[in-house]
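# Per-entry structural report
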Amino acid sequence: QVQVVESGGGLVQAGGSLRLSCAASGSTGSTLSINTMGWFRQAPGLQRELVAAISSGGSTNYADSVKGRFTISRDNAKNTVYLQMNSLKPEDTAVYYCNAKIILLGVLRNYWGQGTQVTVSS
């Protein structure tokens, strides 16, 4: 069984910063084979969209709307991915979801966290 747990959301004024964390864990004693980890977000009335992703080798991909403001990183030893969000704007307000693509029993599967709210006030 795999769990993906986010933390770090909250309320911040425009121009401020937040750091999100997401840790993936498996059954006690198991080693996870994690491929790409990423962050998605969903604002009310809109579809879920990719914010940033990072491969196991460290290659990154960002949505155009966050380039230069957000930085994704990961600690493979801790099965953890981070999203440093700077110069936040009201339009960044959304529920942020962590995604982990994990190879389990030879099959690549998608796992999602429960989401964490980020609210940016103007």
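Above this text sits the structure in question.
Residues numbered from 1 in each chain as written. Predicted model: local features only at pLDDT ≥ 70, side-chain atom pairs only at ≥ 80, totals over all residues. Heavy atoms only, no water.

## Here we look at the pattern of salt bridges
Opposite charge on two side chains allows them to pair when their charged atoms are near. For the structure on display, the rule yields four salt bridges. Note that Asp92 is salt-bridged to Arg41, the shortest N-O span being 3.0 Å. Remark: Arg41 occurs in strand 4 (residues 33-42) and Asp92 occurs in the loop between strand 8 (80-85) and strand 9 (94-104); sequence separation between them is 51 residues. Since its relative accessible area comes to 0%, Asp92 is described here as buried. A relative accessible area of 7% means that Arg41 is categorised as buried. Here Asp92 and Arg69 are joined by a salt bridge, their closest N and O atoms 2.8 Å apart. You can see Asp92 sitting in the loop between strand 8 and strand 9 and its partner Arg69 sitting in the loop between strand 6 (60-62) and strand 7 (70-75), a full 23 residues away along the chain. By relative accessible area, which is 11% here, Arg69 ends up buried. The structure contains a network of salt bridges with shared partners spanning Arg41, Glu49, Arg69 and Asp92. (Salt bridge = Lys/Arg side-chain N within 4 Å of Asp/Glu carboxyl O. Helix = DSSP H or I, 4+ residues; strand = E, 2+ residues; numbered from the N terminus. Buried < 20%, exposed > 50% of the residue type's maximum accessible area, 1.4 Å probe, protein only.)

## Overview of the state of the cysteines
Applying the stated criterion to the full structure yields one disulfide. Linked covalently through their sulfurs, Cys22 and Cys98 form a disulfide whose S-S length is 2.0 Å. Where Cys22 bonds to Cys98 through sulfur, the torsion about that S-S bond is close to -80 degrees, and the disulfide is left-handed. Of the two residues, Cys22 is situated in strand 3 (residues 18-25) and Cys98 in strand 9; the sequence distance between them amounts to 76 residues. Residue Cys22 is classed as buried on the basis of its relative accessible area of 0%. With relative accessibility at 0%, the residue Cys98 sits in the buried group. (Disulfide = S-S within 2.5 Å.)

## Topic: the packing of aromatic side chains
Taken as a whole and judged by the stated rule, the model has one aromatic pair. A centroid spacing of 5.0 Å and a plane angle of 65 degrees characterise the contact between Phe40 and Trp112, whose relative ring orientation is edge-to-face. In this pair, Phe40 sits in strand 4 while Trp112 sits in strand 10 (residues 107-112), placing the two residues 72 residues apart along the sequence. A cation over a ring is seen here: Arg48 above Tyr97, with NZ or CZ 3.7 Å from the ring centre. (Phe/Tyr/Trp six-rings, centres within 6.5 Å; stacked < 30°, edge-to-face > 60°. Lys NZ or Arg CZ within 6 Å of the ring centre and 35° of its normal.)

## Quick look at the nonpolar core
Counting 31 residues, the largest nonpolar core has Trp39, Leu83, Met85 and Tyr96 as the members making the most contacts within it. When residues of this core are traced back to their parent elements, those giving at least two are strand 3, strand 4, strand 5 (49-54), strand 7, strand 8, strand 9 and strand 11 (116-121). (Core = buried A, V, L, I, M, F, W, Y, C linked by side-chain atoms within 4.5 Å.)

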